[in-house]
Amino acid sequence: MTDQVVRPDGTGFSLVDGELTVAGGYGGTVDASVSARLLDGFDVTLASRSTADPGDVRSEGGRSVLPLETRPMMLNSLPSSVRVRLHTDTAENDWRLVLHFRNQAGSSLTWQAELPTEAFDAGWEAPLADLLTIDRTADEPAPQAPGVSVVHHPDDEYYELLVDGQQAGLLVYHVIGSHLSITHTAIEPTYRGRGLSWALVGGALDDIRTKYPTVMNYCPVVSRFVEKNPSYGDLLSRPRRA
């Protein structure tokens, strides 16, 4: 147990996705992996990418973003460090690795690292805890309440947040034809200040993603959530002017 990281705030968090980013445009070859050695000595690949096809590469903030395939491993089951390897035809560029973890309440953690020279050769032993950050703003702390769930009511066009079976909030949307627009999010007064809007928005967007490629958003709470969770950025399109 000496190699395990004690993370009280990481209990229940699972790896959900990740990406490599590189400054400027990129269309070259990439062979990348993030692996961990578990307590039984078994090596497991957490995230990987092996492709010469730039078809899924997107541009974001002056960087090229290359999605990774990830395995849904629990954060607190991982050792204190992971091994990062990257082979590419442009190793001199500014490469960055990002992994996203989330729990069932909708709270999220991000692990982010600028890749040093070692990562392009034998591999870099990257610390987990030192590079992990909590995704939340000052007015939206990470959810702590147990028994949190998000229920979809498609006939009435809203998502309901339940805490221990009690209604705690709503995310309201409207569908016209094949287009979905999010209008507003509301948390009941007695449940405010606990970051539950993060759980509501995350759960709703995860479900919406399975039904609509993009959505219109008019809710500032949703906008703040996506700013802190950029993996959802491709889901939102700019609202049309009235």
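Within every chain, residues take consecutive numbers counted from 1 along the sequence as written. Where totals are concerned, whole chains, interfaces and linings use all residues; where local detail is concerned, this predicted model gives features only for residues with pLDDT of at least 70, and gives and counts side-chain atom pairs only at 80 or more. Where side-chain values are given, they derive from all heavy atoms of the structure, hydrogens and water being excluded.

1. Concerning the overall build of the protein chain
Here is step 1 of the chain: Scanning the protein chain from N- to C-terminus turns up 2 helices and 17 strands.
Here is step 2 of the chain: Only protein chains enter the accessibility calculation, which uses a 1.4 Å probe; a residue whose area is less than 20% of its type maximum is buried, one above 50% is exposed, and one in between is partly exposed. In the protein chain, buried positions account for 44% of the 242 residues.
Here is step 3 of the chain: By definition in these notes, contact holds between two residues if any of their heavy atoms fall within 4.5 Å. Counting contacts in the protein chain only where the partners sit at least 6 residues apart, residues at least 24 apart contribute 60% of the total.
Here is step 4 of the chain: The Shrake-Rupley method, run with a 1.4 Å probe sphere, supplies the accessible areas, and residue values consider only the shown protein chains as cover. When the accessible surface of the protein chain is summed, it comes to about 12300 Å², and 51% of that surface belongs to carbon and sulfur atoms. Numbered from the N terminus, helices here are DSSP runs of H or I no shorter than four residues, and strands are runs of E no shorter than two.

2. Some thoughts on the pairing of strand β12 (residues 148–153)
Here is step 1 of the chain: One bridge is not enough; two strands pair if DSSP finds at least two bridges between them. With 6 bridges connecting them, β12 and strand β13 (residues 158–163) associate as antiparallel partners. In the sheet register, Val-151 faces β13, and the bridge partner there is Glu-160.
Here is step 2 of the chain: Adjacent in sequence and paired antiparallel, β12 and β13 are bridged by 4 residues, among which Glu-157 carries a positive phi angle near 60°.

3. Side note on the packing of aromatic side chains
Here is step 1 of the chain: Stacked, edge-to-face and tilted labels apply to pairs of Phe, Tyr and Trp rings (six-membered ring for Trp) whose centres lie within 6.5 Å, assigned for plane angles under 30 degrees, over 60, and everything in between, in that order. Taken as a whole and assessed by the stated rule, the structure comprises 3 aromatic pairs.
Here is step 2 of the chain: Ring geometry for Trp-198 versus Phe-225: centroids 5.5 Å apart, planes at 80°, classification edge-to-face. In this pair, Trp-198 is assigned in helix α1 (residues 196–209) and Phe-225 in helix α2 (residues 220–228), connecting sequence segments 27 residues apart.
Here is step 3 of the chain: Connected via pairs of aromatic rings, a cluster forms that spans Trp-198, Phe-225 and Tyr-232.

4. Examining α1
Here is step 1 of the chain: Multiplying 1.5 Å by the residue count of a helix minus one yields the expected span of that helix. The end-to-end C-alpha distance of α1, which contains 14 residues, comes to 20 Å, matching closely the 20 Å that a straight helix rising 1.5 Å per residue would cover.
Here is step 2 of the chain: Within α1, 10 of the 14 residues are buried, which leaves the element mostly enclosed by the surrounding structure.
Here is step 3 of the chain: Among the residues of α1, those classed as buried are Leu-196, Ser-197, Trp-198, Ala-199, Leu-200, Val-201, Gly-202, Ala-204, Leu-205 and Ile-208.

5. Let's talk about the nonpolar core
Here is step 1 of the chain: Core analysis: the biggest nonpolar cluster contains 33 residues, and Leu-20, Val-84, Trp-95, Trp-111 and Leu-115 have the highest contact counts within it.
Here is step 2 of the chain: When residues of this core are traced back to their parent elements, those giving at least two are β1 (14–23), β2 (30–37), β3 (43–51), β7 (81–88), β8 (95–102), β9 (108–114) and β10 (124–127).
Here is step 3 of the chain: If sequence neighbours within four positions are ignored, Leu-115 has contacts with Leu-20, Val-84, Leu-86, Trp-95, Leu-97, Phe-120 and Trp-124.
Here is step 4 of the chain: Core analysis: the next-biggest nonpolar cluster, separate from the first, contains 28 residues, Tyr-173, Leu-196, Ala-199 and Val-215 among them. To form a nonpolar core, buried Ala, Val, Leu, Ile, Met, Phe, Trp, Tyr and Cys residues must be joined to one another through side-chain atoms within 4.5 Å.

6. Observations regarding the pairing of β9
Here is step 1 of the chain: Burial of β9 is extensive: 5 of the 7 residues sit out of reach of the surface.
Here is step 2 of the chain: Two elements, β8 and β9, share 7 bridges in a ladder whose sense is antiparallel. Opposite Leu-97, over in β9, you have Ala-113 as the bridge partner.

7. Regarding α2
Here is step 1 of the chain: Every buried residue of α2 is accounted for by Val-221, Val-222, Phe-225 and Val-226. Projected onto a plane normal to the axis of α2, the buried residues spread over an arc of 135° and lie on a single side. Facing away from the buried side of α2 by more than 90 degrees, the exposed set consists of Pro-220 and Glu-227. Working note: the arc is built from the helix axis to C-beta atom directions.

8. What about the confidence of the model for the protein chain?
Here is step 1 of the chain: Residue-level confidence of the predictor is what pLDDT reports, using numbers from 0 through 100. Per-residue pLDDT for the protein chain has a mean of 80; in total, 83% of the residues score no lower than 70.
Here is step 2 of the chain: Ignoring residues within four places in sequence, the model shows residues 1–9, a span with pLDDT below 50, making 20 contacts including any to other chains.
Here is step 3 of the chain: For residues 136–145, every residue scores under 50 in pLDDT, and the model assigns this stretch 27 contacts once sequence neighbours within four places are set aside.

9. Let's talk about the sheet that holds β10
Here is step 1 of the chain: Overall, antiparallel pairing links the 5 strands, which are arranged β6-β3-β2-β7-β10 in an open sheet. Strand pairing shows two members of the sheet lacking a second neighbour, β6 (69–70) and β10, which therefore form its edges.
Here is step 2 of the chain: Note that β7 and β10 share 4 bridges and pair antiparallel. Bridge pairing in β10 links Val-82 to Ala-126.

10. Thoughts on the environment of Ser-107
Here is step 1 of the chain: Looking at the element boundaries, Ser-107 is found in the loop between β8 and β9.
Here is step 2 of the chain: It is 6.3 Å that separates the C-alpha atoms of Ser-107 and Ala-199, two residues lying 92 residues apart in sequence.

11. Observations regarding the side chain of Glu-19
Here is step 1 of the chain: Structurally, the position occupied by Glu-19 is in strand β1.
Here is step 2 of the chain: The charge count includes Lys and Arg as positive and Asp and Glu as negative, but it does not include His or the ends of the chains. Salt bridges are identified by distance alone: a Lys or Arg side-chain nitrogen within 4 Å of an Asp or Glu carboxyl oxygen. It is Arg-58 that comes nearest to the buried, bridge-free Glu-19 among opposite-charge side chains, at 5.0 Å.
Here is step 3 of the chain: Non-local contacts of Glu-19, meaning those with residues more than four positions away in its chain, are made with Val-65, Leu-66, Pro-67, Leu-68, Arg-96, Leu-97, Val-98 and His-100.

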